[in-house]
Amino acid sequence: MIKAIYKRLAALLLLLLPLGHIPFALASTVIEQAVDGGSLIKIEVPDDWNGSLVIYNHGLDLDPAPQPVSLGPLSARQLAQGYAVAASSYSQNGWALFNTRRDLEAMMEVFRAEFGEPEEVFVHGISLGGIVTAQAWEAADIGNVVGAYPACGAMSGSRIWDGAIDVRLSYDVICSQVEGAKIPGGARGFPERFTERPDATTELTSALQACFGIFAAPDQRSAEQQARLDQFVENAGIPVSFVTIDVGFATLTLSDLIFDPTKLDGKRGLGNVGVTYRDPEIDATIRRVSPRPGAQKKLERKYELRGRAGKTKVLSTHTSGDGLLPVGVQGVLAEIVPANQLTVAIVDEGEVATHCGYTEAELVAGWDVLRAWTAGGPQPTAQDVQDACLAAEADDAAGPCRYNPDFVIPNLDDIIPPR
């Protein structure tokens with residue numbers, strides 16, 4: 001284990017909250033080190049520590065662990081409020097849920113050894129970090145988790161991969177006969193781990209351009225390219241702006257999931273037998289594949305929620321136009337977490353479509369209402385989150401505020417057909 005490096009940092013942090021000014025945080029202790037298992041951790045504890053800890057979980061990354069480890073977009077505010085903040089990189093790239101529980105527990109061992117047991121623990125994560133956050137409150141030995149704040153999280157867990165294989169195989173129906181558009185590997189992704197194919201990204205980019213003209217202006221695409229693109233996005237139920245992201249996820253990240261020996265180790269853990277697709281041509285001609293039962297169970301365990309919320313209060317938010325992790329995943333979360341422990345608030349993007357495209361005030365608002373709730377306040381509503389956002393915006397957090405308490409969350413089955 002690399003010896004921990006301790007640093008004293010002078011910091012003058014002044015932030016505003018809807019409930020008033022945050023006091024100055026004069027100094028803090030920072031620990032950065034590698035831990036057993038290969039992950040990197042960062043822990044920061046202010047000198048006026050209030051006894052509580054916030055754990056931040058980052059999103060999906062196919063590259064090696066970032067250095068330095070980020071404590072998240074809310075960490076300056078949280079430290080100024082007196083919270084300790086900690087984060088771990090993931091010892092796996094891509095869909096890292098096979099090891100993330102151990103990663104967080106290894107980080108907590110260091111925290112406890114240096115600072116003792118925190119009185120309360122909050123977990124916060126964005127994108128993939130949202131489902132890591134759920135795994136943390138359900139299964140990880142990280143202490144007294146009183147509050148959780150997943151933002152645009154993969155809250156349907158490994159079911160996201162059902163959508164990925166649908167994207168992958170429907171692409172083959174539409175594009176495999178187009179010159180230069182074939183992506184090798186079929187339902188198994190690339191024929192070996194993409195990290196062993198240095199030209200994989202170039203291959204994928206060229207294929208997408210050949211089939212859809214996706215990188216050209218609409219008036220520069222051929223009529224055939226536009227027709228194929230229209231058919232693809234209509235069947236997938238995604239915005240055009242997400243085509244490259246989703247096909248990349250369904251090839252590069254899917255390949256990593258299948259072929260990484262620490263994940264599915266070459267075994268297909270998902271399939272599409274019995275699925276009915278929107279497009280009749282695709283439904284009639286798409287390749288049908290079956291999952292390996294053992295691999296499927298392994299993928300479900302890493303990770304789909306089990307309903308073990310304990311006493312944790314969960315504030316979950318999402319952007320409405322998300323074409324990678326559709327907003328319908330929030331409905332899955334609502335089926336699992338008791339209603340008196342879950343508040344969901346949706347940022348209504350209108351015609352815009354982003355993955356986690358929050359404004360600063362929108363992100364701050366979720367944290368503010370979760371703090372008030374866990375401190376003994378009433379369970380917040382989506383309107384309360386919007387009100388907190390407007391208050392944060394008035395206190396100089398960048399807006400606008402777009403939480404819509406009347407937003408109706410679509411059924412995920414209407415976006416990702418059930419298996």
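Computed from a predicted model, the values in this text were never measured in an experiment.

**Thoughts on the environment of Asn 235**
With respect to the secondary-structure elements, Asn 235 resides in helix H6 (residues 223-236). Exposure remark for Asn 235: the relative accessible area of 6% places this residue in the buried category. Taking the C-alpha atoms as reference points, Asn 235 and Ile 282, separated by 47 residues in sequence, lie 8.2 Å from one another.

**Observations regarding unusual backbone geometry**
For the bond from Lys 302 to Tyr 303, the omega torsion is 20 degrees, close enough to zero to count as cis. Cis peptide bonds are those with omega within 30 degrees of zero, and the linkage from Gly 399 to Pro 400 qualifies with 5 degrees. The residue Pro 400 is located in the segment after helix H12 (382-394) in this model. With a phi close to 55 degrees, Asp 265 is a non-glycine residue in the positive phi region. Residues other than glycine seldom take positive phi values, yet Asp 396 does so here, at roughly 80 degrees. Summarising the element assignment, Asp 396 is placed in the segment after H12.

**Some points on the nonpolar core**
One finds Trp 95, Trp 137, Ile 142, Tyr 171, Phe 212, Phe 232 and Val 243 to be the most contacted residues of the largest nonpolar core, which totals 93 residues. The element best represented in this core is helix H4 (residues 160-175), accounting for ten residues. Not counting chain neighbours up to four residues away, the residues in contact with Trp 95 comprise Leu 60, Leu 128, Ile 131, Ala 154, Gly 157, Ser 158, Trp 161, Leu 257, Lys 263, Leu 299, Lys 302 and Tyr 303. If you look at the next biggest cluster of nonpolar residues, it comprises 38 residues, including Val 69, Leu 74, Val 85 and Tyr 149.

**Structural notes on the packing of aromatic side chains**
Here the structure, examined in full by the defined rule, presents ten aromatic pairs. The interplanar angle of 90 degrees and the centroid separation of 5.7 Å between the aromatic rings of Tyr 83 and Phe 122 together place this pair among those described as edge-to-face. Of this pair, Tyr 83 sits in the loop between helix H1 (75-80) and strand S7 (84-88) while Phe 122 is found in strand S8 (residues 120-126), placing the two residues 39 residues apart along the sequence. On the basis of relative accessible area, Phe 122 is assigned to the buried category, the value being 2%.

**Considering the pairing of S8**
Most of S8 is tucked away, with six of its seven residues classed as buried. Judged from the six bridges that link them, S8 and strand S9 (residues 145-151) form a sheet pairing that is parallel. Looking at the pairing, His 124 lines up with Tyr 149 of S9. For the segment spanning S8, helix H3 (residues 128-139) and S9, crossover handedness is right-handed.

**Concerning the packing of helix H5 (residues 200-212) against H6**
H6 packs onto H5 with a crossing angle of 105 degrees between their chain directions and a minimal axis gap of 7 Å. Taken as axis vectors, H5 and H6 run roughly perpendicular relative to one another. Contact residues: Gln 209, Ala 210, Cys 211 and Phe 212 in H5; Gln 225, Arg 228, Leu 229 and Phe 232 in H6. Of the residues belonging to the contact of H5 with H6, the class tally is five nonpolar, two polar and one charged.

**Thoughts on the environment of Ala 223**
By the secondary structure assignment, Ala 223 is in helix H6. For Ala 223 and Ile 165, which are 58 residues apart along the polypeptide, the C-alpha to C-alpha distance reads 27 Å.

**Description of the pattern of salt bridges**
Taken as a whole and judged by the stated rule, the model has 13 salt bridges. Linking Asp 260 and Lys 263 is a salt bridge whose minimum nitrogen-to-oxygen distance equals 3.7 Å. Lys 263 shares its class with Asp 260; the two are buried. One salt-bridge network, in which partners are shared between bridges, spans Arg 159, Asp 162, Asp 166, Asp 413 and Arg 419.

**Some thoughts on the state of the cysteines**
Taken as a whole and assessed by the stated rule, the structure comprises three disulfides. Each sulfur of the disulfide joining Cys 152 and Cys 356 lies 1.9 Å from the other. Because the sign of the S-S torsion sets the handedness, a value of about 100 degrees for the bond joining Cys 152 and Cys 356 places this disulfide among the right-handed ones. Residue Cys 152 is found in the loop between S9 and H4, and its partner Cys 356 is found in the loop between strand S11 (342-347) and helix H11 (360-374); the two are separated by 204 residues along the sequence. Taking the relative accessible area as the measure of exposure, Cys 152 reaches 0% and is therefore buried.

Rules behind the numbers
- Residues numbered from 1 in each chain as written.
- Predicted model: local features only at pLDDT ≥ 70, side-chain atom pairs only at ≥ 80, totals over all residues.
- Heavy atoms only, no water.
- Helix = DSSP H or I, 4+ residues; strand = E, 2+ residues; numbered from the N terminus.
- Buried < 20%, exposed > 50% of the residue type's maximum accessible area, 1.4 Å probe, protein only.
- Core = buried A, V, L, I, M, F, W, Y, C linked by side-chain atoms within 4.5 Å.
- Contact = heavy atoms within 4.5 Å.
- Phe/Tyr/Trp six-rings, centres within 6.5 Å; stacked < 30°, edge-to-face > 60°.
- Pairing = 2+ DSSP bridges.
- Right-handed = clockwise from strand over helix to strand, strands pointing away.
- Axes fitted to C-alpha atoms, helices over the stretch in contact; angles between N-to-C directions.
- Parallel < 35°, antiparallel > 145°, perpendicular 65-115°, else oblique.
- Nonpolar A, V, L, I, M, F, W, Y, C, P; charged D, E, K, R; others polar.
- Salt bridge = Lys/Arg side-chain N within 4 Å of Asp/Glu carboxyl O.
- Disulfide = S-S within 2.5 Å.

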